[in-house]
Amino acid sequence: MTNKDDNVVRALIKGTENHKIQWMSVSAVNFKQLREAGEIVEDAYGYWDNKSRRIIIYKVSSFVINPYDGEEVEKVNIYLGFTKGNSYKPDFTISDSDLDNSSLMWTLYKLVKRNESGADLIINDIIKEFGDPDDDLPF
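Bear in mind the structure is a predicted one, so any value in this text is a computation, not a measurement.

Draft legend 1. Seen up close, the environment of D49. Relative to the elements of secondary structure, D49 occurs in the loop between β2 (39–48) and β3 (53–65). In this structure the C-alpha to C-alpha distance between D49 and Q22, which are 27 residues apart in sequence, comes to 9.4 Å.

Draft legend 2. Structural view of the side chain of E39. By the element assignment, E39 lies in strand β2. An unpaired buried charge is present at E39: no salt bridge exists, and K75, the closest side chain of opposite charge, is 6.7 Å distant. Setting aside residues no more than four positions away along its own chain, E39 makes contact with L34, V60, S61, S62 and Y79.

Draft legend 3. Looking closely at the pattern of salt bridges. Taken as a whole, this structure holds two salt bridges when the rule is applied. Residue E42 is joined to K59 by a salt bridge in which the shortest nitrogen-to-oxygen separation is 3.6 Å. Pair noted here: E42 is in strand β2 and K59 is in strand β3, with a separation of 17 residues, a long-range link. Overall, E42 belongs to the partly exposed group, its relative accessible area being 39%. The closest approach of N and O atoms between K113 and D43, which form a salt bridge, is 2.9 Å. Of this pair, K113 sits in helix α2 (residues 103–117) while D43 sits in strand β2, placing them 70 residues apart in sequence. Take D43: its relative accessible area is 14%, and that puts it in the buried class.

Draft legend 4. Up close: α2. Between the first and last C-alpha of α2 there are 21 Å, a value that for 15 residues agrees with the 21 Å anticipated at 1.5 Å per step. Residues L104, M105, L108, Y109, L111 and V112 constitute the buried set of α2. The arc that holds every buried residue of α2, seen down its axis, measures 165 degrees, which confines them to one face. Contact partners of the buried residues in α2: α1 (4–17), β2, β3, β4 (72–84) and β5 (92–95). Within two residues after α2, G118 carries a phi angle of roughly 80 degrees, on the positive side.

Criteria and cut-off values
- Residues numbered from 1 in each chain as written.
- Predicted model: local features only at pLDDT ≥ 70, side-chain atom pairs only at ≥ 80, totals over all residues.
- Heavy atoms only, no water.
- Helix = DSSP H or I, 4+ residues; strand = E, 2+ residues; numbered from the N terminus.
- Buried < 20%, exposed > 50% of the residue type's maximum accessible area, 1.4 Å probe, protein only.
- Lys, Arg positive; Asp, Glu negative; His and termini not counted.
- Salt bridge = Lys/Arg side-chain N within 4 Å of Asp/Glu carboxyl O.
- Contact = heavy atoms within 4.5 Å.
- Expected span 1.5 Å × (residues − 1).
- Arc of directions from axis to C-beta.

Right, dumping it as structure tokens:
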């Protein structure tokens, strides 16, 4: 049986790939609603549907002490926050560490970032202009 959290991330990946979900950059002013004490939100992207649901994906860094050697290390996680209404403060969150397959969250984050920045259009133009249709490259 698959994890429901994994399934929702897979659904968001599919919706993003099919351009049914359009993500927008979240203003840094709203980052304070997404973080806990000691965390740094690097960037965030949101999707708002016409049912007053808000989905926000964001990357968080924090510094923790390694209990084995006492060194400070950076910990990075991707969170998916769900809320209703106008608030950016999530009612519920899923972290990459909550998933059976944590790489799904990182895949979604990278896809959202590429789509929102327009990088896919640039990449597609480069492939169209310089690529060889006979290449059997894995991309």
